[in-house]
Every structure is written in structure tokens, then in C-alpha cells.
Amino acid sequence: MTTWAAPAFWSPPQEAQQGGTSGGRAAYSGAGRQALATSPVPLPYVAIVPCRQYDSRNASALPDNTPRTVALLGAPCAIPPDAQAVAANITIFNLFGAGSNGVVKVGIAAPPTTAWINYPPTETQRGNAGVLPLGSGGTIVVQVNQGAGSVDFTVDVFGYYSPLGIVNSLNGQAGDITLVAGTNVTINPAGNALTISTSVPAGPSGPNGATGSVGPAGATGSTGSTGATGNTGSTGATGPTGLTGSTGATGVVGPTGGTGANGATGTNGTNGSTGAQGPIGPTGANGVTGANGATGTNGTNGATGAQGPIGPTGANGATGSNGTNGSTGATGTNGTNGATGAQGPIGPTGANGATGSNGTNGATGAQGPIG
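The rules we used
- Residues numbered from 1 in each chain as written.
- Predicted model: local features only at pLDDT ≥ 70, side-chain atom pairs only at ≥ 80, totals over all residues.
- Heavy atoms only, no water.
- Phe/Tyr/Trp six-rings, centres within 6.5 Å; stacked < 30°, edge-to-face > 60°.
- Helix = DSSP H or I, 4+ residues; strand = E, 2+ residues; numbered from the N terminus.
- Buried < 20%, exposed > 50% of the residue type's maximum accessible area, 1.4 Å probe, protein only.
- Pairing = 2+ DSSP bridges.
- Contact = heavy atoms within 4.5 Å.

Caption draft 1: Seen up close, the packing of aromatic side chains. This structure, assessed with the given rule, holds three aromatic pairs. Arranged with centres 6.2 Å apart and planes meeting at 45°, the rings of Trp 10 and Tyr 161 form a pair that is tilted. With a gap of 151 residues between them, Trp 10 in strand E1 (residues 9-10) and Tyr 161 in strand E12 (residues 150-161) connect regions that are remote in the sequence. Given the relative accessible area of 11%, Trp 10 is considered buried. Their ring planes at 35° and their centres at 5.1 Å tell us that Tyr 54 and Phe 153 sit as a pair that is tilted. Linking Tyr 54 in strand E4 (residues 43-55) with Phe 153 in strand E12, this pair joins segments that are 99 residues apart in sequence. Comparing Tyr 54 with Phe 153, the two get one shared label, buried. Put simply, the rings of Trp 10, Tyr 45 and Tyr 161 touch in pairs and so form one group of aromatic residues.

Set out below in C-alpha cells:
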């Protein structure tokens, strides 16, 4: 908050002193100005820490052409009740709906007549500082005229003017008084001010007063915006490997899945060709007929061998013994031819043909479910 260099003394305008009022704090001048009707001597300025005494945002915006009374004594800035004027800064902002050039007027009665701030309709914020005379009850009246709309405004005070700053007597003595510096006391006049200071060492500090009760907690402020995410920290060292947990109990063996279906049987290989007929053996003696050779397995019977040659005619039968010489008997008939010798054995069966290659194995059946 910026302060204004207020004058060290302030006097009400001469017109107010001449016109006077009947007990009022201020009077209107013939020219329409408002001023205090107070002490004829200048009032000294008492500075305070700059303080915001009024803010329309705590009430409502000031509508166009509507006077508003603002109290400047007491809280929050602690201007004393004997103050007759204040050094203040009035600032307007949040201008809305201005229809023309605007003017803010200030005074001690409605309607106020002193133009305090002039501004164009395009203005966004403007302020002005000066000395504000106080009306009855330590108030001022503020009004805006801009054709329409409204404004917000603040009143910041940074000092006041009070008759209690003037010394008219001292310990019952009046008239001209000589101030004499004493032990540990110095007097320094400067212009219209007199500074009295002391170099007396400070006494011991008194005991601390009791701690006051804790005031109620203020409302929680709105959460600030989230700060930007910090950089990712470096990865920490890998911790030691934890102990191996005990082995869990072996699960129960599930039932054996069903046997998959057998694959289809491969087709039989083609039978080998029948071996060639062996040569017919020679005709055996008229002995026992040889047993037939074993029939070859599953092979096609070989072609029948050619008829062997007829065996030789058997020897003639023995000649009968001579009969008693009788008469010569008739010549006996020739004996019958011996029987034809038995057929020679059938030659051995030819070797079996090569076994056909195995057929392709059938597809393996799907595995049964694991227990």
C-alpha cells in the first residue's frame, strides 16, 4: 500500500470558520465546499501505519448516483474520535456499465459536491489521495456518477489531524513558556515541531503477562495449485535376496486319464510274387511215396510241374521152378507188367516273396486328461 506525503498541518478553509455551524463538526462554504469549523490554528498531522478502513467488496458495489456513508473513525484502523480530518487514498476499480465519463464525489453530507476522481468510461482502476474533512460521527459520503452501472472502491488511511496535538497550557501555566533541557532530556526544535527525547536507560522488563487464550482457527485457505512433478529419483540399490520359502506340500496325484483310442491299423503290404517252380526231381524208386512237401504260407500255389517220365518197366517175375518133368507144359503166360512206380515227390515250395512294407501307423489317439 503506497502512502501519500500528507502535509504536516491542516486547517479548515477560511470560509468554514467565518460561516460556522451550530455545534456541527463541519460547515458548507459559500462556494459549496465542505470544511471543518474547528480550531483556528492548524491541526498537526499524526501518521499511522497505512490501513484499509473500508472495502466495498465486503458489502456491495456502489451503484451509479447513489450516495454511501462511510465511517472512518475506530476499527479497523483505530482513528481516534477527536480526529477532524484524515489523510486518505480512495481507489475505484471493477468499473461496470459506465455510460459516459465518470466522476467520484466526496463530502460530509449527501449529495457530496467535491470531485475526487475523474475517469473515462474505459478506465479499469484509478485512485487519488488527499485530506478528507470528517462529518458528523467521523463519516464521509461517497457517490459515483457515470451514467449507469456501478464501481467498487476502497478507502485507505495513513494519518489524521487532531486538536489534541496542540499544547495550549503546561502544568497550569499559560502564555509563553520556556522549555529547558534537564538531566538525560534533550529538546530539539525543528520548524513548528519540538522533539523532546530522553536518554534514561530503560528499566528492567516487567514479568510477562499471562498468555491469552487461543483465538478460533481461521478458515482454511484454498488449496494452492499442484507444483510441477519433481525429477524421478535415482533407483535405489537392490536389496538382498530374501530367504527361499519352504517347499509346499506335493499336491494329490490326479486320476489317470482314459487311454486314447488306438490308431487305425495300417493296410497289409502286397504279397510277394510266387517263386519259380523248382525242377522236378528224378523218379524215385518204386519205394514209399514221399510225403507231400508243406504247403507254402499264403503264397499262390506254384504252377504244376510237368509230368515226370514214366519209370522203367519192372523186372520180370522170377521164373517158376521147373515142375516135375511132366509133359512139357504149355508155355506160361507172360507175367503182368509191374505197377507204375509212384510219382516222385513234388519239388520244394519256392521261397516266400518279400514281406510288404508296413502300412503307415495310425494317428496317435488324443491323450487322456491328466489326473
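Caption draft 2: Highlighting the pairing of strand E8 (residues 102-107). The element E8 is extensively covered by neighbouring structure, given that five of its six residues are classed as buried. In this sheet, strand E9 (residues 114-119) lies alongside E8 in antiparallel orientation, the contact comprising five bridges. Paired with Lys 105 across the bridge in E9 is Ala 115. Pairing of E8 with strand E11 (residues 139-145) involves five bridges; the strand directions are antiparallel. Its bridge partner lying in E11, Lys 105 is registered against Gln 143.

Caption draft 3: Just the environment of Lys 105, in detail. Inspection of the secondary structure assignment puts Lys 105 in strand E8. Here the alpha-carbon distance between Lys 105 and Asn 145, two residues 40 residues apart in the chain, equals 8.1 Å. For Lys 105, the residues in contact, after removing those within four places along its chain, are Pro 112, Thr 113, Thr 114, Ala 115, Trp 116, Val 141, Val 142, Gln 143 and Asn 145.

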